[in-house]
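Topology and contacts: notes
Read off the chains here:
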Amino acid sequence: VVLIAILGWLALRLFVLNRLQFMVRAGDRLAQGDMTSRVAGGWENPGRDEMALAINHFNEMAGSIQSLTAALELLGVTDGLTGVHNRRFFDETLTIEINRSRRSGIPVALMMLDIDHFKRYNDRFGHQAGDEALRRVAQALSREVRSVDFVARYGGEEFAVIMPGSDAPVAAAVAERVRHAVESRRIPSPGRHARRQVLSASD
């Protein structure tokens, strides 16, 4: 009887208590902000093991929380209209890159762009046409800069690009390439009978 009791206690500890402790620890890490926290092990096919099923559900829930958190973080730094970064992201990133440049001595360039005649365009053809124009300018801008650069909508029809590791000549060359890309898109005015109007960007 004693031997059976000992074996039963060991089985309980192995299959329930230890697993429960693993879950509690993973939950604590998750609550502290570690979105990658999971109960280690192969719990994808728990079968009829109810404790393994609970761990599998916990890991799936943790994965959903991680995905939702990432989506919310992305929304927090993304401009809803154009899909590029927003002003908040720009302000935070610019401070980080300037401090990094001061420490390392590696240059950082800042490009500011303003769409010519945008207010006139917006007043004449409406906000929907203006919004579409902003989206197309943002797309052209994102394609022309480097993958390490940060594109942001600064406000209204203004955009900004933070360019780590770039000096003035490099930034000027990229700015000219961006200006040409926006101009070459020849964003038209809406309406078949409306006079064609082309937007361009100045830097």
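Residues numbered from 1 in each chain as written. Predicted model: local features only at pLDDT ≥ 70, side-chain atom pairs only at ≥ 80, totals over all residues. Heavy atoms only, no water.

Let's talk about the pairing of strand β2 (residues 150-155)
Remark: a regular strand shows side chains that alternate across the two faces of the sheet. Here is the rule: A pair of strands is labelled paired if DSSP reports no fewer than 2 bridges between them. Helix and strand definitions follow DSSP, with helices as H or I runs of at least four residues and strands as E runs of at least two, each counted in order from the N terminus.
Sheet analysis places β2 next to strand β3 (residues 158-164), joined by five bridges and oriented antiparallel. Within β3, the residue paired with Gly155 across the bridge is Glu158. As consecutive antiparallel partners, β2 and β3 are separated by two residues, and within that stretch Gly156 has a phi angle of approximately 60°, a positive value.

A closer look at the packing of aromatic side chains
Note the threshold: To pair, rings of Phe, Tyr and Trp, with the six-membered ring standing in for Trp, must have centres within 6.5 Å; the planes then decide the type, stacked if under 30 degrees apart, edge-to-face if over 60, and tilted in the middle. Partly exposed residues are those whose accessible area sits between 20% and 50% of the maximum for their type, while under 20% is buried and over 50% is exposed, using a 1.4 Å probe and protein chains only. A ring has a charge above it when a Lys NZ or an Arg CZ is no more than 6 Å from the ring centre and no more than 35 degrees off the ring normal.
Taken as a whole and judged by the stated rule, the model has three aromatic pairs. Considering the side-chain rings of Phe89 and Phe150, the 5.8 Å spacing of their centres and the 55° angle between planes classify their relative orientation as tilted. Residue Phe89 is found in helix α3 (residues 87-104), and its partner Phe150 is found in strand β2; the two are separated by 61 residues along the sequence. Judged by its relative accessible area of 24%, Phe150 falls in the partly exposed class. It is Arg87 that lies over the ring of Tyr154; its NZ or CZ is 3.9 Å from the centre.

Regarding the environment of Asn45
One can find Asn45 in the loop between α1 (2-31) and α2 (50-76). Residue Asn45 is classed as exposed on the basis of its relative accessible area of 74%. Sequence-wise, Asn45 and Asn56 are 11 residues apart; in three dimensions their C-alpha atoms are separated by 8.1 Å.

Some thoughts on the nonpolar core
Short version of the rule: What we call a nonpolar core is a set of buried Ala, Val, Leu, Ile, Met, Phe, Trp, Tyr and Cys residues that are connected through their side-chain atoms within 4.5 Å. Here, two residues are considered to be in contact whenever any of their heavy atoms come within 4.5 Å of each other.
Core analysis: the biggest nonpolar cluster contains 25 residues, and Leu141, Phe159 and Val161 have the highest contact counts within it. Sorting elements by how many residues they give to this core places helix α5 (residues 127-144) first, with seven residues. Discounting residues that sit within four places of it in the chain, Leu141 has contacts with Leu113, Val151, Phe159, Val161 and Val178. The next biggest cluster of nonpolar side chains, apart from the first, holds eight residues, and it includes Ala26, Trp43, Met51 and Ile55.

Considerations on α5
Quick reminder: α-helices carry 3.6 residues per turn. Residues three or four places apart thus point the same way. Here is the rule: The length a helix should cover is 1.5 Å for every residue beyond the first.
Helix length check: α5 (18 residues) gives 26 Å between terminal C-alpha atoms against 26 Å at 1.5 Å per residue, within 8%. Those residues of α5 that sit buried are Ala129, Gly130, Ala133, Leu134, Val137, Ala138, Ala140 and Leu141. Against the buried residues of α5 lie β1 (108-115), α4 (118-125), β2, β3 and α6 (168-185).

Observations regarding the environment of Ala160
You can see Ala160 is positioned in strand β3. Residue Ala160 is classed as buried on the basis of its relative accessible area of 0%. When the C-alpha positions of Ala160 and Leu113 are compared, they lie 6.0 Å apart, and in sequence the two are 47 residues distant. Excluding residues within four positions of it along the chain, Ala160 makes contact with Phe90, Leu110, Met111, Met112, Phe150, Val151, Ala152 and Tyr154.

Describing the packing of α4 against α5
So the rule is basically this: To define axes, lines are fitted to C-alpha atoms, for helices over the stretch in contact only, and angles between the resulting N-to-C directions are given on a 0 to 180 degree scale. Each angle receives one of four descriptions, namely roughly parallel if under 35 degrees, roughly antiparallel if over 145, roughly perpendicular if within 65 to 115, and oblique otherwise. Charged means Asp, Glu, Lys or Arg here, nonpolar means Ala, Val, Leu, Ile, Met, Phe, Trp, Tyr, Cys or Pro, and polar covers whatever is left, Gly included.
Between α4 and α5, the least distance of the axes is 6 Å, while the angle of their chain directions is 140°. The angle between the axes of α4 and α5 places the two elements in the oblique class. Two secondary-structure elements touch here, α4 through Phe118, Tyr121, Asn122 and Phe125 and α5 through His127, Ala129, Gly130, Ala133 and Leu134. Class assignment for the residues of the contact of α4 with α5 results in six nonpolar, three polar and no charged.

Focus on α3
The cut-off we apply is this: Summarising the geometry, the arc corresponds to the directions from the helix axis toward the C-beta atoms.
The end-to-end C-alpha distance of α3, which contains 18 residues, comes to 25 Å, matching closely the 26 Å that a straight helix rising 1.5 Å per residue would cover. Those residues of α3 that sit buried are Phe89, Phe90, Thr93, Leu94, Glu97 and Ser101. Viewed along the axis of α3, the buried residues span an arc of 120°, placing them on a single side of the element. Exposed residues lying more than 90 degrees from the buried face of α3 are Arg102 and Arg103. Gly105 sits one or two positions beyond α3 and adopts a positive phi of about 80°.

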